[in-house]
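# Residue-level structural notes
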Amino acid sequence: MIPFLDLKAQYASIKSEIDTAVLGVLASAQYILGDEVAHLEEEFADYCDVKHAVAVNTGTSALHLALLAAGVGRGDEVVTVPFTFVATVSAICYTGALPVFVDVEPVTLTMDPAKLEAAITPRTKAIIPVHLYGQVADMDAIMTIAARHGIPVIEDACQAHGAEYKGHRAGSMGISGCFSFYPGKNLGACGEGGIAVTNDDAHAKTMRMLRDWGQERRYHHVAKGFNYRMDGIQGAILRVKLRHLDGWTAARRAHAAHYSSLLAGLDTVKTPVEVADRRHVYHIYAVRCRDRDGLHRVLEAEGIQSGLHYPIPVHLQKAHEDLGYRPGDFPVSEAAARTVLSLPIYPEMTAKQVEQVVAAVEQDAYVG
Ligand SMILES: *Cc1c(COP(=O)(O)O)cnc(C)c1O
């Protein structure tokens, strides 16, 4: 059996460090926020090459707070992509604003800057590109259009810890960047977690206040806030794991390169493209398939788990039918939803396991 990812293997590889960190929090009784979370914020801000990081309870909360800090609310519009995890769009809806979609471009499956300008109206208050699978969207083109209209850009970097665009870290280019620490993400907590990063002092202050009931200081609630605080135990665990992240990313990139060289000759699958000047961190290694569902079944029969990211674009989800979109509105996203298949990739995977997955994909090519 080859799993899609192996969180037990990751824990086993750093067990003593994690256990010590958790026991330290239990002894300190700093169960919510506290020193460990404050240190994580400093270290993660450094990692992203930004001034501030505000730790929260999920990546979705980070997006919600980033939007609120940008002044987004009822009656506003926020432009994003339909080919993403639904949370990007949910966060927009939480503010009362209307999500407006632009299609992705066919090679990277990230926001197509050529289609962005047409989606902007006088009500557009933010733009959220998604760094899908761990590759940064075309930020230069997106930032140029956004700047022309005076609209802030919030990066959904929930899949892109440590990814780079022309030497800039994911999350450091927009007004803010949002990350998830869901266990399966490249940097994952042992539970839920998230963080928003920014170079803007005022945005950082607003997000910090809103995550803790809108308190400016104790007992003084100056805004209608939320309970979006990070647990101390998650902060301590994430600090340990952050020290390993670059090594894990190197392993992911090595597996991706191995996959791509072995799969290069097959005409049943197309391998993902890493654009020059963009450092892909391969949260997901997704191939485009001639017969996606067929290959999915073949791998399953071989005991190889694979994933679908994502089979239904957000504009066609029942939850968002009120937006009034129809099949055919975003053809690139819809084609991607029909053809992408995510192969197993995680740092602890072996080269031999990559070769076993490839052998199963090849078998499908000869049979199918
Ligand atoms: C995981 C993810 C989120 C949400 O993060 P949570 O921590 O699960 O709330 C948002 N956007 C994208 C693109 C994601 O992959």
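Residues numbered from 1 in each chain as written. Predicted model: local features only at pLDDT ≥ 70, side-chain atom pairs only at ≥ 80, totals over all residues. Heavy atoms only, no water.

## Section: the layout of surface pockets
Leftover empty space is mapped by rolling, across the atoms, a probe with the size of a water molecule. For the largest pocket, the calculated volume is near 540 Å³. Sorting the residues of the lining of the largest pocket by element identifies α4 (59-69) and α5 (87-94) as the ones contributing at least two each. Of the residues in the lining of the largest pocket, the class split is 14 nonpolar, eleven polar and four charged. Taken together, domain 1 (7-102 + 110-242) and domain 2 (245-363) each give at least three residues to the lining of the largest pocket, which thus spans both. (1 Å grid on protein atoms, 1.4 Å probe; cavity = no way out; pocket = protein on both sides within 12 Å on 5 of 7 lines; lining within 4 Å. Points joined across faces, edges and corners; volume = space filled by probe spheres on them. Helix = DSSP H or I, 4+ residues; strand = E, 2+ residues; numbered from the N terminus. Nonpolar A, V, L, I, M, F, W, Y, C, P; charged D, E, K, R; others polar. Domains from an automatic or database assignment.)

## Considerations on a nonpolar patch on the surface
Together, L23, L26, Y31 and I32 make up a nonpolar patch on the protein surface, roughly 400 Å² of accessible area in all. Mapped onto the elements, L26 comes out in helix α2 (residues 15-28). (Patch = residues over 30% accessible without salt bridge, like charges linked within 9 Å, V, L, I, M, F, W, Y side chains within 5 Å. Areas by Shrake-Rupley, 256 points an atom, 1.4 Å probe, with all protein chains shown as cover. Salt bridge = Lys/Arg side-chain N within 4 Å of Asp/Glu carboxyl O.)

## Digging into the UniProt feature "modified residue: N6-(pyridoxal phosphate)lysine" (unreviewed entry) in the protein
Taking the numbering used here, the UniProt-annotated feature "modified residue: N6-(pyridoxal phosphate)lysine" (unreviewed entry) corresponds to K185. Turning to its location among the elements, K185 is positioned in the loop between β8 (176-180) and β9 (194-198). Excluding residues that lie within four positions of it along the chain, K185 makes contacts with C158, H161, S180 and H283. (UniProt positions renumbered as here; feature names shortened; annotations may be inferred. Contact = heavy atoms within 4.5 Å.)

## Concerning the packing of helix α3 (residues 34-48) against helix α8 (residues 232-263)
Between two packed helices, both the angle of their axes relative to each other and the distance between the axes serve to describe the pair. The geometry of α3 relative to α8 is characterised by a closest axis approach of 8 Å and an angle of 30° between their N-to-C directions. One finds that α3 runs roughly parallel with respect to α8. Crossing of α3 over α8 shows left-handed handedness. Contacts from E36, V37, H39, L40, E43, F44 and Y47 in α3 reach G232, G235, A236, L238, R239, L242, L245 and D246 in α8. Class assignment of the residues belonging to the contact of α3 with α8 gives a composition of eight nonpolar, three polar and four charged. (Axes fitted to C-alpha atoms, helices over the stretch in contact; angles between N-to-C directions. Parallel < 35°, antiparallel > 145°, perpendicular 65-115°, else oblique. Left-handed = near helix turned anticlockwise from the far one by under 90°.)

## So, the UniProt feature "active site" (unreviewed entry) in the protein
Look at the UniProt record and you will see "active site" (unreviewed entry) annotated at K185. A relative accessible area of 17% means that K185 is categorised as buried. (Buried < 20%, exposed > 50% of the residue type's maximum accessible area, 1.4 Å probe, protein only.)

## Brief notes about the site of the ligand
Inspection of the region around the ligand gives 14 residues, with G59, T60, D156, S180 and K185 positioned closest. One nitrogen or oxygen atom from the side chain of D156 is found 2.8 Å from a nitrogen atom belonging to the ligand. Look at the ligand: alone it shows 380 Å² of surface, and the protein chains cover 93% of it. For the ligand, the cavity whose grid points lie within 2 Å of the majority of its atoms is the largest pocket. When residues of the shell around the ligand are traced back to their parent elements, those giving at least two are α4 and α5. Taken together, the residues of the shell around the ligand sort by class into four nonpolar, eight polar and two charged. (Near = heavy atom within 4 Å. Polar contact = N/O pair within 3.5 Å; in protein donor to acceptor, adjacent residues only side chain to side chain. Sits in = over half its atoms within 2 Å of the grid points.)

## Considerations on the pattern of salt bridges
Overall, the coordinates contain 20 salt bridges when judged by the stated rule. With its nearest N and O atoms 3.6 Å apart, the salt bridge here joins K205 to E216. Of this pair, K205 sits in helix α7 (residues 201-210) while E216 sits in strand β10 (residues 215-217), and the two are eleven residues apart along the sequence. Bridged by salt links that share partners, the residues E36, E43 and R239 form one connected network.

## Here's the deal with empty space enclosed by the protein
Enumeration over the complete set of coordinates arrives at one cavity of 30 Å³ or more. Space inside the largest cavity adds up to approximately 80 Å³. Lining the largest cavity are 13 residues, and of these L7, Q10, K185, R252 and P347 sit closest to its centre. Sorting the residues of the lining of the largest cavity by element identifies α1 (7-13) and α8 as the ones contributing at least two each. Grouping the amino acids of the lining of the largest cavity by side-chain chemistry returns six nonpolar, three polar and four charged. Residue-level mapping places the lining of the largest cavity at the junction of two domains, with at least three residues from each of domain 1 (7-102 + 110-242) and domain 2 (245-363).

## What to know about the domain arrangement of the protein
Under the domain assignment used here, the protein contains domain 1 (7-102 + 110-242) and domain 2 (245-363). The C-alpha-based centres of domain 1 and domain 2 are spaced at 24 Å. Each side of the interface is counted separately: domain 1 has 39 residues, and domain 2 has 31 residues. Together domain 1 and domain 2 conceal approximately 3,100 Å² of surface at their shared face, both sides included; 60% is due to carbon and sulfur atoms. The tally of links between domain 1 and domain 2 comes to one salt bridge. Across the pair R278 and D138 runs a salt bridge whose closest N-O atoms are separated by 4.0 Å. (Buried area = accessible area lost by both parts, 1.4 Å probe.)

## So, α2
Every α-helix carries 3.6 residues per turn, so stepping three or four residues along brings you back to the same face. Between its first and last C-alpha, α2 extends 20 Å over 14 residues, near the 20 Å set by a 1.5 Å rise per residue. Buried residues along α2 sit against α1, α3 and α8. Just downstream of α2 lies A29, where phi reads positive at about 65°. (Expected span 1.5 Å × (residues − 1).)

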